[in-house]
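A structural walkthrough
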Amino acid sequence: MADEQGPTARETYDPHAGIDKWLRLWREERLFEAEELTPTSPKDEQRTLVVSMFPYPSGDLHMGHAEVYSISDTMARFARMRGHKVLNPIAWDSFGLPAENAARKRNLDPRDWTYTNIDIQAESFERLGISFDWRTRFHTSDPEYYRWNQWLFLKLFERGLAYRKEAPVNWCPNDETVLANEQVIQGKCERCGTDVVKRNLTQWFFRTTAYAQRLLDDMEQLHGRWPDEILSMQRNWIGRSAGAHIDFQIEGRHERVRVFSTRPDTLYGATFFVVAADSTLADELCDAEHRAAFDEYRAGLTSKAEMERLAIDRPMTGVFLGRYAVNPISGEKLPVYASDYVLADYGTGAVMAVPAHDQRDLNFARAYDLPVRTVVDTGGPDPADTGIATVGDGVLMNSGPLNGLRKEEAIAAAIVELEQRNVGQGAVTYRLRDWLLSRQRYWGTPIPIVYCDSCGAVPVPEDQLPVKLPEIGYTLRPEGGKSPLQTATEWVKVDCPSCGRQARRDTDTMDTFVDSSWYFLRYPNPNYEEGPFDPAGVAAWLPVDEYVGGKEHATGHLMYARFLTKVLHDIGLISFTEPFTRLTNQGQVIMNGKAMSKSLGNLVNLQEQIAQHGPDAVRVTMLFASPPEDDIDWADVSPAGSVKWLARVWRLAGDVGNASPVPADVATDVELRKVVHRLIDETTQAMETKRFNVGIARLMQLTNTLRLAVDRRPGPGDAAVQEGTVALIRMLSCVAPFTAEECWVRLGQAPSVLKAGWPHVDPALLVEEQVTCVVQVAGKVRDRIEVSPDISEDELQRLALQSERVQAALGGAGVAKVVVRAPKLVNFVPARS
Ligand code: ANZ
Ligand code: ZN
């Protein structure tokens, strides 16, 4: 290759050269430190907060980390090069079960394991060239941080947004802890894969359901800024259903039982009544005669995942409870059953069963020989004959006063009727559940509540926070599902804050998603002691402009953070209602088509990759492989190819830097400058839209263009070649920061390239020649427009039709036919002439 032959051919590019030197310079000159970490002026356009979901310290960084932080770091560096004041912060999400398990196995304190890993990761981040502002650093397992989890818990408690109740919870027998719904994947524990079982425990919850509608409504703010996929996952997770609550009298019982139905129009089609078999209601309703059968049925229920319970294609089971419910409108008596196809914690845990128009009810009716009465004539065959419920629109029948109405009208009329008779009303239900907070674990934030025999659950007074974890974690082995903290007997004993008598601490810890639902607010002032975050710092930097992380957090972390942000807004602590203005999801780094795992033996070790190819080539490879949201198969990419490109840039910088200036070659220079400026422009656009792979492709093109110009005409000393090379290195600094610094010095420039800024585009050099297009109506020339020579036919037709003269000539007549000969001619044939 030509470029191997130049005067610098004997020098070789070393992907590891200068790393320590540049790290030192960056640190000394504080190049990544926003001028003020806690400015006093409010946020403006120039201040950009780029945050990637903070790391969990499970060991050294892996390939996935390298990908996420390459993406967010490139965003931060690009914004900085463009003159923005950028904050690119770092903290650690350092509480959590893996630390506890690892510590138990090794007989260590979870602190040792955690903080050792954090130091390892911190060093690796630096050597990967990530431009963090290290002043922001904190760890959620620091008492200075988790004290504010406790403070926030108390604020929610004061407002009735934190509460305790006994609930059937998901229990992992292996990890011996409760799991949130989000942590149960197809009936199994997300972490260890063990079958999850149900248990009744008294647990703390945050009332996320109080914010269900606002979580939906505020998605307006996120449209076009968050990936559509995440928004629709959240919408489904919240699962809004509109319908009615209907109250049924149960014979021989005083209190009525309420059901939720999306189809109150089908009230006359209800032929039986079902309550969730695992609910206390079922237990209460069952009469003595049927008790034995019911107990047997209930004992035989295995814990099934919700989706499985709701499936329509499985055999239905249940037991008659010996009772009858009374239809509040028709007065009909309906036998009451218990079954597992009704969920205890959705709606009200009871349903009126309408077999003709609900498939699960129909399956149950057929299994137990219950009547099927069609009340909506959809024009389809009768469900009683086919076994297929009809769910579509139609006209009401067998329904007294509702007869003849269409479905929607009948829903409205039924609701009016229920409300008038005071036996129900219109209602909305959400699939979203309250956030189950309590964890029977050691390595988390203690719940700041004390139990007193006379006073009940008493919050720990604010001035006694933090409630620190006792430092004996690793010796604590939970037995039979006890919280490890229960065995720290001295710690548990405490005086009641209210009456002073001896009381007991809550021995559960908080779900670590509490830690991660507000950490970003603390970045502008991580040592703030007057509150969870510094209001001035938050006003200066928040909300997060660019948030980067995996889409596995769609319905967990991202939902919790949105919830807590709204609560903080309502309390008056922050002014905005959404935490993350824009969201980018990165794909996964996989190997040979599969997720990397130890058992498959396809793990790629990040440190080995860096040792082999250098940090810059690893970063470039990550970014060049695909747009951020796609998976990267490490078997298909070529870090060696990235090294080759960086070496070409490096030689180019040497050749251009060593050349003595020559008079400009005017004719060639204009052409070269046009290409250079077009490529700067295209790279800029690609970076703005986060198509980093396209940006790098343009930089590679620019490298080739400049190489040719050096080797042929006008040579390395030419002004346009110099200009282009300088621009190339400035842009390179966002993706390959160490190599860019080396190249900058080779160009004879004073370090650091990071201070040089992003290159400007001369708009005059982007102007393309225009051609004149003739526009005719019915063959007569009506207008002439100037267009680009490579305009598309569609675009040309659109432009031509906008012409006022053309519109006048058409005089309101439609267009029957259009002839387009881009870029020279358009002819409209009017509909009636
Ligand atoms: C009568 C009816 C007639 C129903 C009909 C549907 C069709 P979504 O849309 O998912 O909100 N349901 C209510 N609570 C339930 C529970 N805890 N477990 C299982 N099913 C439950 O579903 C609402 C419908 O699901 C409700 O409307 C109820 O059945 C059932 F032609 O009431 B429907
Ligand atoms: Zn007390």
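The preceding data block contains the structure.
Read on for a plain summary of the structure. From a predicted model like this one, the values you see are computed outputs, not experimental measurements. (Residues numbered from 1 in each chain as written. Chains lettered and ligands numbered in written order. Predicted model: local features only at pLDDT ≥ 70, side-chain atom pairs only at ≥ 80, totals over all residues. Heavy atoms only, no water.)

1. Re the coordination of the zinc ion (ligand 2)
Defined as follows: Keep in mind that water is not among the atoms, so a site may look incomplete; donors are the N, O and S atoms within 2.8 Å of the metal, or 3.2 Å for Na, K and Ca. Any coordination sphere not matching a tetrahedral pattern (four donors, all angles between 85 and 135 degrees) or a square planar or octahedral pattern (four or six donors, opposite donors over 155 degrees apart, other angles between 65 and 115) is reported as irregular.
Protein-derived coordination of the zinc ion (ligand 2) comes from Cys-452 (SG), Cys-455 (SG), Cys-496 (SG) and Cys-499 (SG), at a distance range of 2.2 to 2.4 Å. Coordination geometry of the zinc ion (ligand 2): the four donor atoms subtend angles of 106 to 113° at the metal centre, consistent with an arrangement described as tetrahedral. The sequence motif formed by the donor residues of the zinc ion (ligand 2) is C-x2-C-x40-C-x2-C.

2. Some thoughts on the site of ligand 1
To keep it simple, the criterion reads: The rule for a residue being near a molecule or strand is that one of its heavy atoms must lie within 4 Å of it. Under this definition, polar contacts are N or O atom pairs within 3.5 Å; protein pairs additionally need one hydrogen-donor-capable and one acceptor-capable atom, and for neighbouring residues in sequence, both atoms have to be side-chain atoms. Accessibility throughout is a Shrake-Rupley quantity obtained with a 1.4 Å probe, and a residue counts as covered only by protein chains that appear here. In this text, helices come from DSSP runs of H or I with a minimum length of four residues, and strands from runs of E with a minimum of two, each type numbered from the N-terminal end.
The local shell around ligand 1 holds 18 residues, among which Ser-241, Ser-261, Leu-343, Tyr-346 and Arg-431 are the closest. Contact distances for ligand 1 include 2.5 Å between an oxygen atom and a side-chain N or O atom of Ser-241. A distance of 2.8 Å separates a nitrogen atom of ligand 1 from a polar atom in the backbone of Leu-343. Protein chains bury 87% of the 640 Å² of accessible surface belonging to ligand 1 in isolation. Elements supplying a minimum of two residues to the shell around ligand 1: β9 (257–261) and β13 (350–353).

3. Side note on the pattern of salt bridges
One side chain can pair with another of opposite charge once the charged atoms of both are near each other. Applied cut-off: Only one rule defines a salt bridge in this text: a Lys or Arg side-chain nitrogen within 4 Å of an Asp or Glu carboxyl oxygen. Here's how the labels work: a residue is buried when its accessible area is under 20% of the maximum for its type, exposed when over 50%, partly exposed in between, all with a 1.4 Å probe on protein chains only.
Under the counting rule described, the total for this entry stands at 47 salt bridges. Residues Asp-20 and Arg-127 are paired through a salt bridge, measuring 3.1 Å at the closest nitrogen-oxygen approach. Here Asp-20, found in helix α1 (residues 19–28), pairs with Arg-127, found in helix α4 (residues 110–127); they are 107 residues apart in sequence, far enough to count as distant. For Arg-127, a relative accessible area of 33% gives the class partly exposed. When the shortest N-O distance is used, the salt bridge between Arg-135 and Asp-133 registers 2.7 Å. Look at the salt bridges and you will find they share partners, linking Arg-30, Glu-33, Asp-133 and Arg-135 into a network.

4. A word on the side chain of Asp-718
Stated formally: When charges are counted, Lys and Arg contribute as positive and Asp and Glu as negative, whereas His and the chain ends are disregarded. Whether two residues are in contact is decided by their heavy atoms, any of which lying within 4.5 Å being enough.
Position of Asp-718 among the secondary structure elements: in the loop between α21 (692–711) and α22 (719–732). It is Arg-673 that comes nearest to the buried, bridge-free Asp-718 among opposite-charge side chains, at 8.2 Å. Those residues within four positions of Asp-718 in sequence are excluded, and the remaining contacts are Val-662, Pro-663, Ala-664, Asp-665 and Asp-669.

5. Focus on the packing of α22 against helix α23 (residues 737–746)
Axis angle and axis distance: for two packed helices, these are the angle between their axes and the distance between the axes, and together they describe the pair. The test is simple: Between N-to-C directions, angles span 0 to 180 degrees; the directions come from axes that are lines fitted to C-alpha atoms, helices contributing only their stretch in contact. To sort the angles, those under 35 degrees are grouped as roughly parallel, those over 145 as roughly antiparallel, those from 65 to 115 as roughly perpendicular, and the leftovers as oblique. Left-handed describes a crossing whose near helix is turned anticlockwise from the far helix by less than a right angle; the clockwise case is right-handed.
Look at α22 against α23: their axes get within 8 Å of each other, and the N-to-C directions meet at 150°. Considering the angle they form, α22 stands roughly antiparallel to α23. Considering the relative orientation of α22 and α23, their crossing is left-handed. Listed contacts from α23 to Val-726, Ile-729, Arg-730 and Leu-732 of α22 are Pro-737, Thr-739, Ala-740, Cys-743 and Trp-744.

6. A few points about the sheet that holds strand β27 (residues 594–595)
For the record, the criterion: One bridge is not enough; two strands pair if DSSP finds at least two bridges between them.
Taken in spatial order, the three strands make up an open sheet running β27-β26-β28, and their pairing is mixed. Pairing within the sheet leaves two strands with one partner each, and these edge strands are β27 and β28 (632–633). In this sheet, β27 lies alongside strand β26 (residues 589–591) in antiparallel orientation, the contact comprising two bridges. Each residue of the ladder has a partner; that of Met-591, found in β27, is Lys-594.

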